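Coordinate inspection notes
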Amino acid sequence: MVKRHVYAVVDPASGKLVKEYPTATDETVDAALDAAAEAYAQWSRQTSVEERARLLNTVAALHDERSAQLAGIIHREMGKPVEEAVGEVEFSASIYRYYAENAEKFLIDEPIELLEGEGTAFVRRQPVGVLLGIMPWNYPYYQVARFAAPNLALGNTIVLKHASQCPESSAALQQLFTDAGFPQGAYVNVHATGEQIGRAIADPRVQGVSFTGSERAGAEVAEKAGRSLKKVVLELGGSDPFIVLSTDDLDATVQAAVEARFENAGQACNAGKRFIVAEDLYDAFLDRFTEKVLALTDGLAPLSSVAAAEYVEEQVERAVDEGATFVSARQREGAYFPPGVLTGLSPASPSAAEELFGPVATVYRVGSEDEAVELANNTPYGLGSYVFTTDAEQALRVADRIEAGMVFINGVGLDGAELPFGGVKLSGFGRELGRAGIDEFANKKLIRTART
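These lines cover the structure that appears in this document, whether it is placed above or below. (Residues numbered from 1 in each chain as written. Predicted model: local features only at pLDDT ≥ 70, side-chain atom pairs only at ≥ 80, totals over all residues. Heavy atoms only, no water.)

**A word on unusual backbone geometry**
A negative phi holds for most residues other than glycine; trans holds for most peptide bonds. Which entries qualify depends on this criterion: Only runs of H or I of at least four residues qualify as helices and only runs of E of at least two qualify as strands under DSSP, and these elements are numbered from the N terminus. Note on exposure labels: buried denotes an accessible area under 20% of the residue type's maximum, exposed denotes more than 50%, and partly exposed covers the range between, all computed with a 1.4 Å probe on protein chains only.
Its identity as a non-glycine residue notwithstanding, N410 has a phi of 55 degrees, on the positive side. For N410, the position within the fold is in the loop between β17 (408-409) and β18 (424-425). Overall, the relative accessible area of 42% leaves N410 in the partly exposed class.

**Focus: empty space enclosed by the protein**
Vacant regions in the atomic arrangement are exposed by a probe of water-molecule size rolled over the atoms. Rules: As defined here, a cavity is a set of points on a 1 Å grid over the protein atoms alone where a 1.4 Å probe fits but cannot get out. A pocket is an open set with protein on both sides within 12 Å along at least five of seven lines, and residues line them when an atom is within 4 Å of a point. Grid points are joined across faces, edges and corners, and a volume is the space filled by probe spheres set on the points. Any residue that is not Ala, Val, Leu, Ile, Met, Phe, Trp, Tyr, Cys, Pro, Asp, Glu, Lys or Arg is counted as polar, Gly included; the first ten are nonpolar and the last four charged.
The final tally for this structure, using the stated rule, is three cavities of 30 Å³ or more. Considering only enclosed or pocket space, the largest cavity measures out at about 120 Å³ in volume. Looking at the lining of the largest cavity, the elements with two or more residues in it are β11 (272-278), α11 (306-321) and β14 (360-366). Tallying contributions element by element places α11 first for the lining of the largest cavity, with three residues. Space inside the second largest cavity adds up to approximately 60 Å³. As for the second largest cavity, its lining consists of R146, F147, P150, N151, S210, V233, R431, E432, L433, G437, E440 and F441. Top contributing element to the lining of the second largest cavity by residue count: helix α5 (residues 142-154), with four residues. Classifying every residue of the lining of the second largest cavity by side-chain character gives five nonpolar, three polar and four charged.

**A look at the layout of surface pockets**
Taken as a whole, the second largest pocket holds about 800 Å³ of empty space. Forming the walls of the second largest pocket are 35 residues, and the residues nearest its centre are E84, Y139, E259, E263 and N264. Elements supplying a minimum of two residues to the lining of the second largest pocket: α4 (82-106), α5 and α9 (250-262). Considering every element that reaches the lining of the second largest pocket, the biggest residue donor is α4, with five residues. Its residues placed into classes, the lining of the second largest pocket shows 19 nonpolar, seven polar and nine charged.

**Notes on the nonpolar core**
Inclusion rule: The set of buried Ala, Val, Leu, Ile, Met, Phe, Trp, Tyr and Cys residues whose side-chain atoms join them within 4.5 Å is what this entry labels a nonpolar core. Two residues qualify as a contact provided that any one of their heavy atoms is within 4.5 Å of a heavy atom in the partner residue.
Ranked by size, the top nonpolar core spans 85 residues in total, and within it Y96, Y99, F182, F242, F285, F289 and V363 carry the most contacts. Element by element, the count of residues in this core is highest for α4, at 10 residues. When neighbours within four sequence positions are excluded, F242 is seen to be in contact with T253, A256, A257, A260, R274, F275, I276, Y386, F388 and V412. Ranked by size, the runner-up nonpolar core spans 28 residues in total, among them L245, F337, V366 and V398.

Geometric descriptors of this kind do not, in isolation, establish any biological role.
This is the structure we're talking about:
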């Protein structure tokens, strides 16, 4: 299905191997599936929502208590600055706490008003069984929280295969769930290979799969799951438009654009990546934006690996070959890719259709609202988007026309545990977080009684 993984911590700042972890044997993966199936048959079916919520509150508290330790781990694994890493741990804690506090309300029986006949009818949300989670490296705790929190609250059990460069953080999460009081099998971490995961997807003990990563790998997961009639939630790539139509504070808008693009060294699926600016603002925006981007050069973290930085470099070189201009203060050094700005890239060029997963922003000039929307939608992706305008009616009008799963108006960093997260087109399907997140792998069982 995918290449065999070698689980290892390699410090991206130095390129040095910190530690290797053994890959799971076939027997280990089978035992993980057995444990998860047993936990579902016993623990999940015998506990109340209230009991599971108490465990999730403990998970949240342990994230808070161990934030420095957990942050240090992902700083080593994928280069995330410690301050950002602590923020990720804290946000993850808020997700577990959110589902602990709201699960009972989300899972209450939903009555249905009958059109004819006597009796009653209602929908009861119940777990479906063992779920397989396949998670990426860019947000090692947050990605797991989005998947694990709602499903453990519901009563599903989880087998978690993390990215091969995140063995230490995945082990720390396993220990955290164990320390929180979850029984063996409720949450099981496995350092599985791609071949083993392919077999696990088809295994009858697994009832659903959640995958976050590239669209290519997501398509492989979906194909495998489809052949076995397994439900899949996919959160894939993004090339989110950041549309600037008008502003009463250009400096603040530019600062928001920088924040939207360069968090996590630009390695976020829902980062603003294509900056689409009205003609009357374009020159001033580009000047101030470029100045701020170049000022990030000395303080930006490395990308997750040398290979990741090399790939971004290749993408930029192809864009320049296609007629774009790239402005940056330095050259790539190892995993460090200097932040930069691409302009003059034709929307029709092959590079315009690619996702740039690093500290590079592409800026476009547009002459009208219609042109801005057309360019925003001129992408195979449809995850998030941003609209900046002083016209409230225009903001909602443009938001309605954008082909994306999420639109943020006049602000960045507005994600929350209560807000559904997901996309359309090649960005995947299904939703995480909010009420929608607990519904994805729920059996919405109809119970109809003829008479009471």
